[in-house]
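# Breakdown of the fold
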Amino acid sequence: MTPLQEEHRLRQAMTRAVRLASRGHGGAEPNPMVGCVLLDAELRTIADGYHAKCGGAHAEIEALRAAGARAQGSTAVVTLEPCNHHGRTGPCAEALINAGVRRVYFAVRDPSPLATGGAQRLRDAGIEVHQLRSTAAEELVLPFVKCMTQQLPWITVKWAASIDGRIALSSRDSKWISGERARHMVHRERGRVDAVMTGIGTILADDPRLNARGVALKRRAMRVIYDPLANTPPHAAVLERADEGKTVLLVLPQDVRDEATSARIRTLVAKGASLVDIGTRGEITPAMRTLFTMGVSTVLIEAGGGLVGKLFAEGLVDELFTFVGPLVIGDASAVSSVRGLRPDSMSDAVHARLIAVRRRDGDALLHYRFTSFASLGLQ
Ligand SMILES: NC(=O)c1ccc[n+]([C@@H]2O[C@H](COP(=O)([O-])OP(=O)(O)OC[C@H]3O[C@@H](n4cnc5c(N)ncnc54)[C@H](OP(=O)(O)O)[C@@H]3O)[C@@H](O)[C@H]2O)c1
């Protein structure tokens, strides 16, 4: 095999490992999504695996189990540096050594201070170790890296907009801008995140339930409402069905609440709502930090331009999925997807990285990211 053919096969295996890893979304978090492919001497696939569930087997262990004795002398291609710590499942580096793996290619160095050192451990045991960088593998691990380095959840915004960028009519009617398939995708995502969050404007306009319907749940999301003055109606759908998930209101802290707000809060707490404080001037970051300490590592935002604008202003948005429905609204007073930002120049606008463009029946799905390794101060 020529070196070029060898590199091609290794890259193919890395692409497969990334694809496998992404199946772990919704199960693996707050752990990283990881995939592993084991190859024979001719670089043909022997077995593969991925990290499906937090607390469950890591990708390497899954692949080694599937390979059995065939792992002896194999090459492992892994999206993340094999871990070196005795967590819930034991170090993957040790498992690869014990299985007789000959070479390891990994895409991203493990940024976790706890798990790092796997590559060195493998080298010390005489295994050939290489970094095979992959943009897709870096994107895959970014939510984990953000959580770990910032102690904040990974925040994904979703909106459905008309071709001219409006998410509702001036009457606040927004049903429906995108098609059924797009809406099904949103429900699937609701079933994979720790929290689904909206703003009071959307609660008052649409009275959403914010739960996942018609899909298999990988986890049950907490419902979170940015509602500084506690204007959520006591009979709002998010409060009616406690079995559909916990409901948390993000409210002004006690020392800046007026009596009327405090009275509304008492009513909402009696209806089962929990409270998390925002900053005294309405800042959302302190509440996001609190949610993170409560175990929320992924948040899906389904809100209007008011909340989305505030999140952008605080630099909290990591990722955006926008469905562009095939219609033009053409009314300047219709609701915009983002409001409240006032960039003085184009360079001050919020710049994104286009990740993917897809077609979903009549809708276009645009996937952007704002957070990168560089923006997190890494590499
Ligand atoms: N197409 C989609 O994907 C989609 C998704 C979600 C929502 N929507 C639409 O977005 C619209 C709502 O957007 P939005 O920006 O107004 O709200 P929002 O972002 O959901 O909620 C936060 C905003 O609500 C506003 N608000 C409205 N009434 C309020 C009240 N009584 N007390 C406190 N704040 C209040 C505040 O605006 P100020 O900061 O300006 O005071 C605040 O920024 C609805 O028409 C909904 O249908 C569309």
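Coordinates for the structure precede this section.
### Digging into the pattern of salt bridges
Per the stated rule, a full pass over the model turns up 25 salt bridges. Residue Arg-16 is joined to Asp-48 by a salt bridge in which the shortest nitrogen-to-oxygen separation is 2.6 Å. Pair noted here: Arg-16 is in helix 1 (residues 3–22) and Asp-48 is in strand 2 (residues 45–50), with a separation of 32 residues, a long-range link. Note that Arg-121 and Glu-94 form a salt bridge whose closest N and O atoms lie 3.4 Å from each other. Of this pair, Arg-121 sits in helix 4 (residues 118–124) while Glu-94 sits in helix 3 (residues 92–98); the two residues are 27 residues apart in sequence, bridging distant segments of the chain. By relative accessible area, which is 28% here, Glu-94 ends up partly exposed. One network of salt bridges, with partners in common, ties together Arg-209, Arg-223, Arg-241, Asp-243 and Glu-244.

### As for the site of the ligand
By nearness alone, 23 residues border the ligand, and Arg-172, Thr-202, Asp-206, Gly-306 and Leu-307 come closest of all. Take Ile-167: an N or O atom from its main chain is 3.0 Å from a nitrogen atom of the ligand. Take Gly-199: an N or O atom from its main chain is 3.5 Å from an oxygen atom of the ligand. Relative to its unbound accessible area of 900 Å², the ligand is 77% covered by the protein chains. Looking at the shell around the ligand, the elements with two or more residues in it are strand 6 (154–161), strand 7 (166–168), helix 7 (200–206) and helix 11 (305–313). Broken down by element, the residue count for the shell around the ligand peaks at 6 residues, all from helix 7. Residues belonging to the shell around the ligand are distributed by class as follows: 9 nonpolar, 8 polar and 6 charged.

### Some thoughts on the pairing of strand 13 (residues 319–324)
Across 6 bridges, strand 6 lies against strand 13 in parallel orientation. If you follow Val-157 over to strand 13, its bridge partner there is Leu-320. Here 6 bridges tie strand 13 to strand 16 (residues 363–369), and the two strands are oriented antiparallel to one another. Bridge pairing in strand 16 links Leu-320 to Tyr-368.

### Details of the environment of Leu-229
Among the structural elements, Leu-229 can be located in the loop between strand 9 (222–226) and helix 8 (237–240). Once the C-alpha coordinates of Leu-229 and Leu-249 are considered, the two residues, 20 residues apart in sequence, prove to be 9.8 Å apart. The residues touching Leu-229, leaving out its near neighbours within four places in the chain, are Leu-252, Thr-261 and Arg-264.

### What about the sheet that holds strand 10 (residues 247–251)?
Reading across the sheet, the 9 strands line up as 11-10-9-8-12-6-13-16-15 and stay open at both edges, with mixed pairing between neighbours. Because the sheet does not close on itself, it has two edges, and the strands there are strand 11 (274–277) and strand 15 (353–360). Averaged over all neighbouring strand pairs, the angle between strand axes comes to 20 degrees, with direction disregarded. The strands touched by helix 10 (residues 285–293) within the sheet are strand 6, strand 8 (195–199), strand 9, strand 10 and strand 11, with strand 11 carrying the most contacts at an inclination of about 125 degrees.

Rules used throughout
Residues numbered from 1 in each chain as written. Predicted model: local features only at pLDDT ≥ 70, side-chain atom pairs only at ≥ 80, totals over all residues. Heavy atoms only, no water. Salt bridge = Lys/Arg side-chain N within 4 Å of Asp/Glu carboxyl O. Helix = DSSP H or I, 4+ residues; strand = E, 2+ residues; numbered from the N terminus. Buried < 20%, exposed > 50% of the residue type's maximum accessible area, 1.4 Å probe, protein only. Near = heavy atom within 4 Å. Polar contact = N/O pair within 3.5 Å; in protein donor to acceptor, adjacent residues only side chain to side chain. Areas by Shrake-Rupley, 256 points an atom, 1.4 Å probe, with all protein chains shown as cover. Nonpolar A, V, L, I, M, F, W, Y, C, P; charged D, E, K, R; others polar. Pairing = 2+ DSSP bridges. Contact = heavy atoms within 4.5 Å. Axes fitted to C-alpha atoms, helices over the stretch in contact; angles between N-to-C directions.

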